[in-house]
Amino acid sequence: TILLPLLFGFIALGIDLGHLYVVRNELQNAADAGALAGARFLLNEDGTAINEGCNQIAYDTAVANMSEKLPVEVWNEDVQRGHWSFATRTFTPNDSTVMVPIWDVSFDELDVNPDFINAVRVEARRETHQALAFFVRVFSSDFQGFTVRTDAVAYLGFAGTLNPEDVDQPIAICKDALLIDG
């Protein structure tokens, strides 16, 4: 009997944390979808210029997703195009629409050039409508919910060699690269 309240507390914490992971996964799906859609349309149809509309495409795709049956929150500054560096594994925002010449330039030179636009980053969040907390509110009447944020970066280019820890990244592969003789 003495340990029963402690047991209920652990069960409540487990339920709230499990629910929080579900919400985070829903937000991650929205961020992934938005980033992949934005990267898909990062360049114009002939590949000669940066498509300014890719940010709107990424935004529209991300907010089309739901989390706890509520629209995912994506603010205008949460969608950015920019440069993904493979060496440092960092994203540098860059709103430029100027194409960097890629002929006669090594991969290493492009990788360190932040003016080479090759990626779209999307952040999805639940701030205005926080993720529900079911049982934590019993222990703290001031606490109403969790603020949750996730982000995703999708880039155009050769995937290179993937390390085992990189496999969880969303990957899009051209169908023609997989098909041989149809």
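Residues numbered from 1 in each chain as written. Predicted model: local features only at pLDDT ≥ 70, side-chain atom pairs only at ≥ 80, totals over all residues. Heavy atoms only, no water.

### Looking at the overall build of the chain
To keep it simple, the criterion reads: Secondary structure elements are taken from DSSP: a helix is a run of H or I of four residues or more, a strand is a run of E of two residues or more, and numbering for both begins at the N terminus. Here, two residues are considered to be in contact whenever any of their heavy atoms come within 4.5 Å of each other. Using a 1.4 Å probe, the Shrake-Rupley method yields the accessible areas, and only the shown protein chains count as cover for residues.
When helices and strands are tallied, the chain shows five helices and six strands. Walking the chain from its N terminus toward its C terminus, one meets helices and strands in the order α-α-β-β-β-β-α-β-α-β-α. The long-range share in the chain, meaning contacts at least 24 apart out of those at least 6 apart in sequence, stands at 68%. Roughly 11700 Å² of accessible area belongs to the chain as shown, and the carbon and sulfur atoms make up 60% of that amount.

### Some thoughts on the side chain of asparagine 55
To keep it simple, the criterion reads: Contacts described as polar in this section are N or O atom pairs within 3.5 Å, which, within protein, must combine one atom able to donate a hydrogen with one able to accept it, while residues neighboring in sequence count only if both atoms come from side chains.
Relative to the helices and strands, asparagine 55 is located in helix 2 (residues 54-63). Separated by 3.4 Å, the side chain of asparagine 55 and the backbone oxygen of valine 79 make a polar contact. Here the side chain of asparagine 55 touches arginine 81 through a polar contact of 3.0 Å, side chain to side chain. Ignoring anything within four residues of it in the chain, the contact list for asparagine 55 reads Val79, Gln80 and Arg81.

### Some details on the pairing of strand 3 (residues 79-85)
We apply this condition: Only protein chains enter the calculation, and the probe is 1.4 Å; a residue is then buried if its accessible area is under 20% of its type maximum, exposed if over 50%, and partly exposed in between. Paired strands, in this sense, are two strands between which DSSP finds at least two bridges.
Here strand 3 lies mainly inside the structure; six of its seven residues are buried. Across four bridges, the pairing between strand 3 and strand 5 (residues 119-132) is antiparallel. Directly across from arginine 81, in strand 5, lies its bridge partner valine 120. Hairpin connection of strand 3 to strand 4 (residues 90-93): four residues between the antiparallel strands, including arginine 89 at a positive phi of 55°.

### Digging into the packing of aromatic side chains
Worth spelling out the cut-off: Centres within 6.5 Å make a pair out of two Phe, Tyr or Trp rings, where for Trp the six-membered ring is used; the pair is then stacked when the planes are under 30 degrees apart, edge-to-face when over 60, and tilted otherwise. Here, over-ring charges are defined by two tests on the NZ atom of lysine or the CZ atom of arginine: distance to the ring centre within 6 Å, and angle to the ring normal within 35 degrees.
Applying the stated criterion across every chain, the model contains two aromatic pairs. Here phenylalanine 86 and phenylalanine 107 contribute two aromatic rings whose centre-to-centre distance is 5.6 Å and whose plane-to-plane angle is 40°, an arrangement assigned as tilted. Here phenylalanine 86, found in the loop between strand 3 and strand 4, pairs with phenylalanine 107, found in helix 3 (residues 107-111); they are 21 residues apart in sequence, far enough to count as distant. In this structure phenylalanine 86 comes out as partly exposed when scored by relative accessible area, which is 24%. Both rings, one in phenylalanine 86 and one in tyrosine 155, keep their centres 4.7 Å apart while their planes meet at 85°; by these two values the pair is edge-to-face. Linking phenylalanine 86 in the loop between strand 3 and strand 4 with tyrosine 155 in strand 6 (residues 145-155), this pair joins segments that are 69 residues apart in sequence. A relative accessible area of 23% places tyrosine 155 in the partly exposed class. Site record: aromatic cluster; members linked through ring pairs are Phe86, Phe107 and Tyr155. The lysine or arginine in question, arginine 40, covers the ring of phenylalanine 41, its NZ or CZ lying 4.7 Å from the ring centre.

### Concerning the packing of helix 1 (residues 4-40) against helix 2
Which entries qualify depends on this criterion: Angles run from 0 to 180 degrees between N-to-C directions of axes, and those axes are lines fitted to C-alpha atoms, restricted for helices to the stretch in contact. Working definition: roughly parallel below 35 degrees, roughly antiparallel above 145 degrees, roughly perpendicular at 65 to 115 degrees, and oblique for all remaining angles. Two helices that cross are described as forming a left-handed crossing if the nearer one is turned anticlockwise from the farther one by less than a right angle, and a right-handed crossing if clockwise. When residues are sorted by character, Ala, Val, Leu, Ile, Met, Phe, Trp, Tyr, Cys and Pro go into the nonpolar class, Asp, Glu, Lys and Arg into the charged class, and all the rest, Gly among them, into the polar class.
Contact pair helix 1 / helix 2: the axes reach a minimum separation of 7 Å and the direction vectors enclose 155°. Classed by the angle they form, the pair helix 1 and helix 2 counts as roughly antiparallel. Handedness of the crossing formed by helix 1 with helix 2: right-handed. Of the residues in helix 2, those in contact with Ala30, Ala33, Gly34, Ala37 and Gly38 of helix 1 are Cys54, Ile57, Ala58, Thr61 and Ala62. Counted by class, the contact of helix 1 with helix 2 contains seven nonpolar, three polar and no charged residues.

### Structural notes on the pairing of strand 4
Each regular strand displays side chains that alternate between the two surfaces of the sheet. By the bridge criterion, four bridges tie strand 3 to strand 4 in an arrangement that is antiparallel. Its bridge partner being in strand 4, glycine 82 is matched across the sheet by proline 93.

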